[in-house]
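Given next are the chains, with one letter for each unit.
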Amino acid sequence: MPPLTATRPPATSAPVQRRAPGRRRRPKPFPAGQRTILSPHQLDSPWGRRIYWLVLVSTVLLFTAVFVFPLYWMVTGAMKSGEEFARIPPTYIPSSFSLDGYRQAWTLMNLDRFLLNTVQYAAGAWAFTLAFDVAAAYALSKLRPMFGNVILLGMLATLMIPPTVILLPAYLTVKDVPIVRLDLLNTPWAIWLPAVANGFNIFLLKRFFDSIPSALLEAAQVDGASPLRILWSIVLPVSRPILGVVSIFTVVNVWRDFAWPLLVLQDPEKMTISVGIASLRANMPQTTMTAALVIASIPTIVVFFLFQRHIMAGLTAGGLKG
């Protein structure tokens, strides 16, 4: 008789819970305090998702078309012939794409000289703005001079005055600078100095510097760092977003400004791109003028696309990221 052996019962797996056919998962409720037009149940349904994506895509496409269409109209308008450009109703797509308008604008209007002048003015304004506005904002924020709040209030008060109101006083000041008695007309200083005196840029920089913890600067002072060393080695490295924003604002304002360069730069050899195009508009066809405007707007568009992420980052970021 064979010996009896103990046998282990076969292992059984845990029962798998399956959803019944046709049973849908209950949508997660929204956090308390949030109210929406559609409930989570409606958004989770097939028709709710379709309507949601339809509305989202339609809205994005609509706003994109509103902002992009003027650029498209300007670029394609320079590719039309003179008869097609003046046709009513207008044609949205040129019958034949031609770059003759761009060639004529570049050769006949001397855009290379105007572009070089504008680059010089924008670069100088950018350099002086970072040098003086950063120093002023750092002094008001961290050094706390006597009557600092009064000085800041006076700077902010200048933002309440329309720019056209101060054109004449600014022109008289540039024509005969007080104390030194210098005439800055037809010189780059007539563009650079007013660009530096910008209360809005100083206010943005000061607000960003205020968000930098004082403990960080006090630790540097304990190590023997001077205020200038603290500005160069600590404040500026963590302030790159707001420096990018101020740089974009300064360059774009100088590039697109028209009234002020028209007053202070009367020499045709020293005009900016906007003033130069306006001075030659009487003798140029409409297609050539449109092509010149396209060429003049390309640098600012490129600058915006390269540094667009700095705009919101500089306006919302804090002094430290941890």
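Just so you know, these numbers come straight off a predicted model, no measurement behind them.

Regarding the nonpolar core
One recurring pattern in soluble globular proteins is that nonpolar side chains are buried together. Formed by 35 residues in total, the largest nonpolar core has its most connected members in Met-109, Leu-111, Ile-191, Ile-273 and Ile-277. Mapped by element, the contributors of at least two residues to this core are α4 (100–108), α5 (111–143), α8 (189–196), α12 (240–256), α13 (259–264), α14 (273–279) and α15 (286–307). Residues within four places of Leu-111 in sequence aside, it is in contact with Ala-105, Trp-106, Ile-273, Ile-277, Ala-292 and Ile-295. Ala-137, Leu-205, Ala-220 and Leu-236 belong to the second largest nonpolar core, which has 22 residues in total.

Comments concerning the packing of α5 against α12
At their nearest, the axes of α5 and α12 sit 9 Å apart, and the two run at 140° to each other. Judged on the interaxial angle alone, α12 and α5 are oblique. As for the relative orientation of α5 and α12, their crossing is right-handed in sense. Counted together, Leu-115, Thr-118, Val-119, Tyr-121, Ala-122, Ala-125, Trp-126, Thr-129, Leu-130 and Val-134 of α5 and Leu-243, Val-246, Ser-247, Thr-250, Val-251, Val-254 and Trp-255 of α12 form the full contact between these two elements.

Examining the confidence of the model for the protein chain
Of all residues in the protein chain, 83% attain a pLDDT of 70 or more, and the chain-wide mean is 81. In the predicted structure, residues 318–322 sits below a pLDDT of 50 and forms 8 contacts with residues beyond four places in sequence or in another chain.

What counts, and at which threshold
- Residues numbered from 1 in each chain as written.
- Predicted model: local features only at pLDDT ≥ 70, side-chain atom pairs only at ≥ 80, totals over all residues.
- Heavy atoms only, no water.
- Core = buried A, V, L, I, M, F, W, Y, C linked by side-chain atoms within 4.5 Å.
- Buried < 20%, exposed > 50% of the residue type's maximum accessible area, 1.4 Å probe, protein only.
- Helix = DSSP H or I, 4+ residues; strand = E, 2+ residues; numbered from the N terminus.
- Contact = heavy atoms within 4.5 Å.
- Axes fitted to C-alpha atoms, helices over the stretch in contact; angles between N-to-C directions.
- Parallel < 35°, antiparallel > 145°, perpendicular 65-115°, else oblique.
- Left-handed = near helix turned anticlockwise from the far one by under 90°.
- pLDDT = per-residue confidence, 0-100.

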